[in-house]
Amino acid sequence: MPTKLTAETLIALSVPERKALISQQASTIDINNITDEDLHKAYKLTKVIYPIISSYFQYQIEQDKQNSSVLQLDIQSELIHQKTEHFSTDFIVWLTKEFEQKKANLENYPNPRNLFELCGAKLLVTSNSVTRSLSTRMGNLWEQISNISPYVIVPEIEFGIKITGIDIIIFNNDISYFAQLKTLKGTLTGSQIPRAKKELSIHENPLFVVAFNLGQWTFPQYSKIPRIAGREFWDKIQVDYDLVESHVKNMLLLIDKSFAELAASEAQQ
C-alpha cells in the first residue's frame, strides 16, 4: 500500500523524501484529458499536491507566527537584503570573469562573430551578454525573495520538484494559486505567450505574476488566468513592496557601479 499523502506526512520528511513520495503518487494519476505530452508530468504533480497544499500552508503560517515572524518589517528587510547582497556578490564575480573572457576573445580570435567584435568594441561586446545574463538570473531572485513569505511555496525548494510553467504557489484568502512569475509586464515575447497560457491553463487557480509593475502587458488578459503586477503581488504574499524595491535598487546600482569600474579599467588598457 502506498503511503497516504497528507500535509503532515510531507512535513515530517526531508526534501528528497518529499520528492520521492510526490513522484510516486503522481505516477498513478490519469492524464487522458491532457493532450500536450510535455505537460503530463506537471499536471500529475499538481494533482497530487493540490488536495493537501492548503493544510501545508496553514502549517507554514502557524510556524511563522510561533517564531519571530518574517512578516515583521525589520526581519523582512534583513532577509531581502541577504538575498540581494548574495545575488550582487555572485553576479559581480561572474561579471569580472566575463570581462576577462571577452577581452581574451577579442585578442585571440581573428574571426569576429558580430559587428561589435568586428569593430573591437569591447564594452558593447560585454554589455550585451551582461544584460541578458542579469535579466535571466534575476528571475530566480524573485522566487528566492518571495519564498521568505509563509504564504509562498517554491516547489523546487520545498518539494524538490520542478513543475513546468509553475514557479511559485501562493496562498491568499484560503485559495492556493499556481503561478508563473516573471520580472516585467513585457517579459514574454509573442512566441512565448501561447506556451505560457497552455502551461497555466491545465492547473486549478492559475495566476500570471510579474514582480514589477513596469512596461506594457504582453501576456493577454484571459478570463481563466488572472494577471497581477508589482505591489499587488507582493501585498498578496504579505511582503513589503517598498522594501523589495529599495533593496533591488541598491543591488542594481552596485552591479552598475562595478560594471562601470570594469569598463573604465578596460578603457585604460
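Reading the values: rules and limits
- Residues numbered from 1 in each chain as written.
- Predicted model: local features only at pLDDT ≥ 70, side-chain atom pairs only at ≥ 80, totals over all residues.
- Heavy atoms only, no water.
- Pairing = 2+ DSSP bridges.
- Helix = DSSP H or I, 4+ residues; strand = E, 2+ residues; numbered from the N terminus.
- Contact = heavy atoms within 4.5 Å.
- Axes fitted to C-alpha atoms, helices over the stretch in contact; angles between N-to-C directions.
- Buried < 20%, exposed > 50% of the residue type's maximum accessible area, 1.4 Å probe, protein only.
- 1 Å grid on protein atoms, 1.4 Å probe; cavity = no way out; pocket = protein on both sides within 12 Å on 5 of 7 lines; lining within 4 Å.
- Points joined across faces, edges and corners; volume = space filled by probe spheres on them.
- Nonpolar A, V, L, I, M, F, W, Y, C, P; charged D, E, K, R; others polar.
- Right-handed = clockwise from strand over helix to strand, strands pointing away.

Looking at the sheet that holds strand β3 (residues 175-182)
No. 1: What the five strands build is an open sheet, ordered β1-β2-β3-β4-β5; its pairing is mixed. The sheet is open, and its two edges are formed by β1 (152-153) and β5 (227-229), each paired on a single side.
No. 2: Inspection of the sheet shows β1 paired to strand β2 (residues 168-172) by two bridges, in the antiparallel sense. Within β2, the residue paired with I153 across the bridge is I169.
No. 3: With respect to the sheet, helix α3 (residues 40-66) is in contact with β1, β2 and β3, its orientation differing from that of β2 by roughly 55°.
No. 4: Taken strand by strand, helix α8 (residues 193-201) contacts β3 and β4 (206-210), and its axis lies near 160° from that of β3.

As for the pairing of β2
No. 1: By the criterion of burial, β2 is predominantly enclosed, with five of the five residues buried.
No. 2: What you see with β2 is no split at all: I168, I170 and N172 on one side and I169 and F171 on the other are buried throughout.
No. 3: Relative to β3, β2 is paired through five bridges, and the arrangement is antiparallel. Residue pairing across strands places N172 opposite I175, the latter belonging to β3.
No. 4: Linking two consecutive strands that pair antiparallel, namely β2 and β3, is a turn of two residues; a positive phi of about 50° is found at N173 within it.

Observations concerning the layout of surface pockets
No. 1: Computed from the structure, the largest pocket encloses a volume of approximately 460 Å³.
No. 2: S135, M138, G139, W142 and T183 are, among the 21 residues lining the largest pocket, the residues nearest its centre.
No. 3: Every element with two or more residues in the lining of the largest pocket is listed here: α6 (122-146), β3 and α10 (241-268).
No. 4: For the lining of the largest pocket, a count of residues per class yields nine nonpolar, six polar and six charged.
No. 5: Estimated volume of the second largest pocket: approximately 210 Å³.
No. 6: What lines the second largest pocket is Q82, K83, H86, F87, D90, F91, R137, N140, L141 and Q144.
No. 7: Taken together, the elements giving at least two residues each to the lining of the second largest pocket come down to α4 (73-108) and α6.
No. 8: For the lining of the second largest pocket, the residue count by class is three nonpolar, four polar and three charged.

With respect to the pairing of β4
Taken residue by residue, a regular strand's side chains alternate between the two faces of the sheet.
No. 1: Most of β4 sits out of view: five of its five residues are buried.
No. 2: Every second residue of β4 is oriented toward a common face, with P206, F208 and V210 on one face and L207 and V209 on the other, all of them buried.
No. 3: When β3 meets β4, the two strands line up parallel, connected through five bridges. If you follow A179 over to β4, its bridge partner there is L207.
No. 4: In the classification by handedness, the crossover that spans β3, the intervening α8 and the parallel β4 is right-handed.
No. 5: In this structure, β4 lies alongside β5, joined through three bridges in parallel fashion.

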